[in-house]
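The chain contents come next:
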Amino acid sequence: RAIKTNQDLLPETPWTNIFYDDFWGTLLTHSGSHKSYRPLCTLSFRLNHAVGGLEPWGYHLVNVALHGAVTGLFTSLARLLLGGGLWSLLAGLLFASHPIHTEAVAGVVGRADEGATLFFLLSLLCYMRHCQLRGHAGPVRLVAWFLGSLVCAACSMLWKELGVTVLAVSALYDVCVFHKLKLRQVVMLLYKRKNVDLLLNVFLLAAWGVVLLAGRFYWMGNKPPNFSNSDNPAADSPSLLTRMLTFSYLPAANFWLLLCPDMLSFDWSMDALPLIRRLADWRNLYTAAFYLGLFFLAWFSLWTHQTVKGKETNGKAHHYTNGRNGNSNGHSYQYNNHEHTNNSHTDFHINNNTQNGTKKHYESRTPLPTSENVVVFSIGLLAIPFLPATNLFFYVGFVIAERVLYIPSMGFCLLVAVGMRSLYVRLRRRSFRTMLVYCSATVVLLFSVKTVLRNKDWQNEEMLYKSGIYVNPAKAWGNLGNVLKSQGEMEEAEQAYRNALYYRSNMADMLYNLGLLLQESNKFSEALHYYKLAIGSRPTLAFDPRSALTGEAYIRLNKLTDAEHWYRESLRAKPDHIPAHLTYGKLLAMTGQKTEAERYFLKAIQLDPTKGNCYMHYGQFLLEESRLLEAAEMAEKAARLDSGEFDVVFSAAHMLRQASLNEAAEKYYGQAASLRPNYPAALMNLGAILHLNGKLQQAEANYLRALELKPDDTITQSNLRKLWNIMEKQGLRTMSP
């Protein structure tokens, strides 16, 4: 819907509409808006549409290119934190191949996460450069890099909302990596306010974040979005204990998907993750283990004090450089490293001979942060961008969304890389170190294989929904039913809907979809049964425009009074609902209320004069009233307006033929046949009108083509025999055997 039916992608729509509509093309202030404000992503879709229309390859090419660019920037970030060599390469490869990214890359709308991550990293790298230049560059360059960081943060948020969290990650980098402050030093900094420059930078980052969030909230009408209860069942639970236990468990479940992405799904709503209602639920143990592990890792990194001599700096003895004595990740390299140690003192203070923790003498190479600093930063990069999805500040419209882990996964990949590096340093035997490298390579290989397999699930909707049956059977079967129905596989679609209702019997939309399918299969009594069940599950459906379908089912059962009631309810719920006007007009015509019926047809046209379907229905009414010329006029209007809709064009041709306007009928039968060149009825009717118009050889060709597609069609066979008789009498050559 963000692409195929989004009017903001069309060239005739002013491009400025992108900045007033949500991701799906609905006005942000509209009550039905999803409130997902991602104008830069929509703009990228519009550019794709301008170049290649709705051809999928272009959209996927851009997505893959964005993932490659993000991977490159992330690897650059890893080099700044881990140094060049094996461990930054490992971090980059883990990110490039992680299966959790399949949804964001293979699913075209996942581009929002990729674009947000691209500018997230640009913002962070700009801020890191700003920090490194303090004391070594003029104010203009410092301000330029700082402003660049702020602008990129805004762009990240305009790709997707969580991009604004880069400002908090940048502040964390400044405090815990660049200044290398421990927990007690941070507390003293806030209490004594000694490092004013640091406090000012953090304040400016926070202030810019507030401005961006306030502006976005104002732009979307100062109203949060509304989500269905099934999208996030815990949010709808009346039990505080259930909400607390379930919401506490969700971050742990997301972390497990990063750690072991074995079972993935396109949708985790409904009962995919059952609510945790009791303290005795075993999943609470996993929750506790996750938070304890995270807490102790952060505490150790923030609290432990590094002794300059004899302790490890960046995972090794102080004179090591990122790996081994005298080596940089296994390569022979040494440089003077003594000056970066003055921020590691037990007591926080400002040295008169330093600026922001480095001496005025400019090092040719910025020292790498310690392993503890990288761990703290990695935890922040993992946790901070995920905060909007935790339901801590507001309820979100999902339980788990794999695409949301695209940015946090960078923190995970850094954690794995720094952990492997620390273990590598501590291993003394060469064989153990070699084994660790092979283990790292094996993890990357396993991730790559899983990603390739997961991409196969994303090849088309049917395969995707089948892959989700084990995680979310109700939603997966329901969506699969919709796909099968669109393919004309009605029996399979009906079974899929019934399977969905087996797992979740109160899904109003699914009950309604099954009723609609049964109605289209002429099983009207059973269709009414499911319509009533749908209304029982969601009473507001009784006043929904879709209740017009219930009215149509009653018409088919010849219960016209009941049908009239449902049509009136539908129009009372939504007076501008065009299908209800059209079908109610047909009902009134059936009951002899011709003047009133015509009024509803004309009202439908008035509501949307550009909709050819309205003219077609009105034309059929006029045809039944023997107002042939008026009917022909409506038919031609319908065909002109909806020239790409086969049903409209085909019906228009029928009406023109019945009005004895055979030349016009020939034109539209030909147009219908071009829309569906392998549809026997279209070819047969085109042959018949050509036959009537005396174009015998063209008629013969269309009859023969129709019989190739449907050899046993008796009407076409009869018409062809009559045509051959005429052609033989006129001495024309035929294809007769």
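Just so you know, these numbers come straight off a predicted model, no measurement behind them. (Residues numbered from 1 in each chain as written. Predicted model: local features only at pLDDT ≥ 70, side-chain atom pairs only at ≥ 80, totals over all residues. Heavy atoms only, no water.)

1. A short note on the overall build of the protein
Along the backbone of the protein there are 30 helices and five strands. When each of the 737 residues of the protein is scored for burial, the buried share is 52%. Summed over all atoms, the accessible surface of the protein reaches about 35,600 Å², with 60% contributed by carbon and sulfur. (Helix = DSSP H or I, 4+ residues; strand = E, 2+ residues; numbered from the N terminus. Buried < 20%, exposed > 50% of the residue type's maximum accessible area, 1.4 Å probe, protein only. Areas by Shrake-Rupley, 256 points an atom, 1.4 Å probe, with all protein chains shown as cover.)

2. So, the environment of Glu663
Relative to the helices and strands, Glu663 resides in helix 27 (residues 662–675). Between the C-alpha atom of Glu663 and that of Ile689, which follows or precedes it by 26 residues, the distance is 8.5 Å.

3. As for the UniProt feature "repeat: TPR" (unreviewed entry) in the protein
Annotation from UniProt places "repeat: TPR" (unreviewed entry) at residues 474–507, 508–541, 578–611 and 680–713. Secondary structure within residues 474–507 divides into 79% helix and 0% strand; the distance between the first and last C-alpha atoms comes to 9 Å. The distance from the first to the last C-alpha atom of residues 578–611 is 10 Å, and the span holds 79% helix and 0% strand. (UniProt positions renumbered as here; feature names shortened; annotations may be inferred.)

4. A word on the pattern of salt bridges
Evaluation of the coordinates by the stated rule reveals 21 salt bridges. Of the charged contacts in the structure, one is a salt bridge between Asp113 and Lys160, with a shortest N-O distance of 2.8 Å. Pair noted here: Asp113 is in helix 5 (residues 111–132) and Lys160 is in the loop between helix 6 (139–159) and helix 7 (166–178), with a separation of 47 residues, a long-range link. Neither residue differs from the other here; Asp113 and Lys160 are each classed as buried. Among the salt bridges present, the one from Glu708 reaches Arg705, with a minimum N-O distance of 3.1 Å. You can see Glu708 and its partner Arg705 sitting in helix 29 (residues 696–709), three residues apart, about one turn around the helix. On the basis of relative accessibility, which here comes to 59%, the residue Glu708 falls in the exposed class. Beyond isolated ion pairs, a larger network of salt bridges with shared partners links Glu494, Arg498, Lys523 and Glu526. (Salt bridge = Lys/Arg side-chain N within 4 Å of Asp/Glu carboxyl O.)

5. Quick look at the packing of aromatic side chains
Applying the stated criterion across every chain, the model contains 26 aromatic pairs. Seen from their ring centres, Tyr20 and Trp219 are 5.5 Å apart, and the 35° between their planes marks the pair as tilted. Here Tyr20, found in the segment before helix 1 (39–52), pairs with Trp219, found in helix 9 (residues 196–219); they are 199 residues apart in sequence, far enough to count as distant. For the ring pair Phe23 and Phe45, a centre distance of 6.0 Å and an interplane angle of 40° mean the geometry is tilted. Taken as a pair, Phe23 in the segment before helix 1 and Phe45 in helix 1 lie far apart in primary sequence, 22 residues in all. Of the two residues examined, Phe23 and Phe45, each falls in the buried class. Among the aromatic residues, those joined into a ring-pair cluster are Phe23, Trp24, Phe45 and Tyr59. A cation sits over an aromatic face here: Arg38 above Phe23, 5.0 Å from the ring centre. For the cation-ring pair, Arg676 lies above Tyr679, with the distance from its terminal atom to the ring centre recorded as 5.6 Å. (Phe/Tyr/Trp six-rings, centres within 6.5 Å; stacked < 30°, edge-to-face > 60°. Lys NZ or Arg CZ within 6 Å of the ring centre and 35° of its normal.)

6. What to know about the UniProt feature "transmembrane region" (unreviewed entry) in the protein
With numbering aligned to this structure, UniProt lists the feature "transmembrane region" (unreviewed entry) at residues 77–96, 140–159, 198–219, 240–259, 285–303, 374–398 and 404–423. The span residues 198–219 shows a helical share of 100% and a strand share of 0%, and its end C-alpha atoms are spaced 32 Å apart.

7. Focus: unusual backbone geometry
At Asn522, a position not held by glycine, the phi torsion is positive, near 65°. Of the residues examined, Asn522 reaches a relative accessible area of 51% and is grouped as exposed. Look at Ser660: it is not a glycine, yet its phi comes out positive at around 65°. As for its position among the elements, Ser660 is in the loop between helix 26 (646–658) and helix 27. For Ser660, a relative accessible area of 57% gives the class exposed.

8. Describing the confidence of the model for the protein
Per-chain confidence: the protein averages 84 in pLDDT, with 85% of residues scoring 70 or above. Here residues 305–364 is a poorly scored stretch, pLDDT under 50, and it has 115 contacts once near neighbours within four places are set aside; other chains count. (pLDDT = per-residue confidence, 0-100. Contact = heavy atoms within 4.5 Å.)

9. Comments concerning the packing of helix 1 against helix 6
Closest axis-to-axis distance for the helix 1/helix 6 pair is 5 Å, and the angle between their directions is 70°. Overall, the two elements helix 1 and helix 6 adopt an arrangement that is roughly perpendicular. Packed against helix 1, whose contacting residues are Pro39, Leu40, Cys41 and Ser44, the element helix 6 presents Cys155, Leu158 and Trp159 at the interface. Taken together, the residues of the contact of helix 1 with helix 6 sort by class into six nonpolar, one polar and no charged. (Axes fitted to C-alpha atoms, helices over the stretch in contact; angles between N-to-C directions. Parallel < 35°, antiparallel > 145°, perpendicular 65-115°, else oblique. Nonpolar A, V, L, I, M, F, W, Y, C, P; charged D, E, K, R; others polar.)

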